[in-house]
Amino acid sequence: MGVWWTHARRPSPVSPVPPMNPVLLLTAVAPLIWGTTYLITTTYLSNLPAPLLGTLRILPAGLLLLALVRSLPPRAWWGRIAVLSLLRQGLFFTLLYASALRLPGGVAATIGASSAMLVVFLAWPLLHQPPSRRNLTLAGLGLVGVALISVSGGGRLDPLGILMALGFALVNALGVTLFKRWGAPAGATPLHQVAWDLTLGGLLLLPLSAADLPRLGSLPLNGWLALGFLTLVGTAVAALLWQRGLNHLPVQQVSLLAPLSPFTALILDVLIVHRTLGPAQWLGAALVLGSVVASAWPARLRPAAQPAEKQLVS
C-alpha cells in the first residue's frame, strides 16, 4: 500500500540582527569629536576670524601628516585633489567656523548635519545610485528635523548663520560624493589622502587669512591649547578615521553618521553652557539623530528560504 510521508516544514527561524560593522563604529568617532568644535570655538577662539581659524586648524595638521607620508599626489590628480580640498577643507571649515560664531553650537551642528541627507540625493546623479526607500524615508525625517531646528527660536537664531551652516553641509556633501566618484590615486592610503587634502586646503585658505596672523599675538594660553586640540585630534585624527570609513563603506552609510556631531554639541551645550533649547528644537534634534541611528544600524536579515517539501512513496 502506498504511504505518503511528508517532511514537516519547520518554521523559519528569525534571523538575528547582524552586528554593526567595526569600521563603521570607528568612523562614528570622527563626528563625535567634531561636535566639540562649536563649544571650543565660542569659548576660547571667538576673537579670531573664520578664515584664520580654518587655516590654523587644517594647514598644520596637513603639514604634519605630509611629513609622515613624504610624497605628493601624481600630477594627473592635482586638479581633482584641489577641488576636493577646496570643498572638504577650505570652504567647509571657513563656513563651519563662521556659523559656529553666529549660532548656538547644537543648532549649527544639527543644521550642518543635513549633509548626510544631501549625500543620499547627490549620489543619484553623481554615482548613479538611486536612494533606497529606507534611505529616502530616513533622509526625509532628518530634513524635517533640520527644518525644526532652523525655524524655531524666533529672532534668537541668526539667518546668516543658518545659511552658513547649510553652506558647509552642502560643500561637505558634494566633496565626499565627488571623492566616491573619482576615487584616489593608485596606492594612496587614507594617510596620503588626508595629508594631501588638508595641506592643499590650508594653502588655499592662507591668502585669505594672512592679514589676520598678527592677531595671534593676543591669543591666551588656553586659546593655543584649544587650537592644538582642534588641529591634532579634531582634524588629523578625526579626518583619518572619516577617510578610512569613506574608503571602505558606502558613502551614504558613512555620511549618515554626520549628525552624531550635533549629539555631542547639544550635550555640551546643556551640560557645560547650560543653554536652554525650545521643545521644537529638541524634537528636530531627536528626528535628525534618530534617523541617523536607524540608517547606521544594519537591517534585519530576511529568513532563509526553506527547501521544498519532500514527498516519498514507500
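Details of the structure are given in the entry above.
The shown structure was predicted, so the numbers you read here are calculated from the model rather than taken from an experiment. (Residues numbered from 1 in each chain as written. Predicted model: local features only at pLDDT ≥ 70, side-chain atom pairs only at ≥ 80, totals over all residues. Heavy atoms only, no water.)

Participant: Help me understand the pattern of salt bridges, please; the structure alone is not making it clear to me.
Facilitator: Once their charged atoms are close, side chains differing in charge can pair, the charge on each being opposite to the other. Here the structure, examined in full by the defined rule, presents two salt bridges. Asp-197 is the partner of Arg-88 in a salt bridge, and the nearest nitrogen-oxygen pair spans 3.6 Å. In this pair, Arg-88 sits in helix 5 (residues 78-100) while Asp-197 sits in helix 10 (residues 190-209), placing the two residues 109 residues apart along the sequence. Classification of Asp-197 as buried rests on a relative accessible area of 5%. With a shortest N-O distance of 3.3 Å, Arg-102 and Asp-158 are connected by a salt bridge. Residue Arg-102 is found in the loop between helix 5 and helix 6 (105-112), and its partner Asp-158 is found in the loop between helix 8 (133-151) and helix 9 (159-182); the two are separated by 56 residues along the sequence. (Salt bridge = Lys/Arg side-chain N within 4 Å of Asp/Glu carboxyl O. Helix = DSSP H or I, 4+ residues; strand = E, 2+ residues; numbered from the N terminus. Buried < 20%, exposed > 50% of the residue type's maximum accessible area, 1.4 Å probe, protein only.)

Participant: How should I be thinking about helix 9 in this particular structure?
Facilitator: Because the α-helix completes a turn every 3.6 residues, residues three or four places apart line up on one side. Compared with an ideal rise of 1.5 Å per residue, which puts 24 residues at 34 Å, helix 9 spans 35 Å between its outermost C-alpha atoms and is within 8% of the ideal. For helix 9, the N-terminal capping position is held by Asp-158, with its side-chain oxygen 3.3 Å away from the main-chain nitrogen of Leu-160. Two residues or fewer after helix 9 comes Gly-183, characterised by a positive phi angle close to 75°. (Expected span 1.5 Å × (residues − 1). Polar contact = N/O pair within 3.5 Å; in protein donor to acceptor, adjacent residues only side chain to side chain.)

Participant: I would appreciate a short explanation of the packing of helix 3 (residues 37-44) against helix 5 in the present structure.
Facilitator: Pairs of packed helices are described in terms of their axes, by the angle between the two and the distance that separates them. In the contact formed by helix 3 and helix 5, the axes pass within 9 Å of each other and the chain directions differ by 65°. For the pair helix 3 and helix 5, the sense of crossing is right-handed. On helix 5, the residues touching Thr-37, Tyr-38, Thr-41 and Thr-42 of helix 3 are Leu-96, Tyr-97 and Ala-100. Partitioning the contact of helix 3 with helix 5 into residue classes produces four nonpolar, three polar and no charged. (Axes fitted to C-alpha atoms, helices over the stretch in contact; angles between N-to-C directions. Left-handed = near helix turned anticlockwise from the far one by under 90°. Contact = heavy atoms within 4.5 Å. Nonpolar A, V, L, I, M, F, W, Y, C, P; charged D, E, K, R; others polar.)

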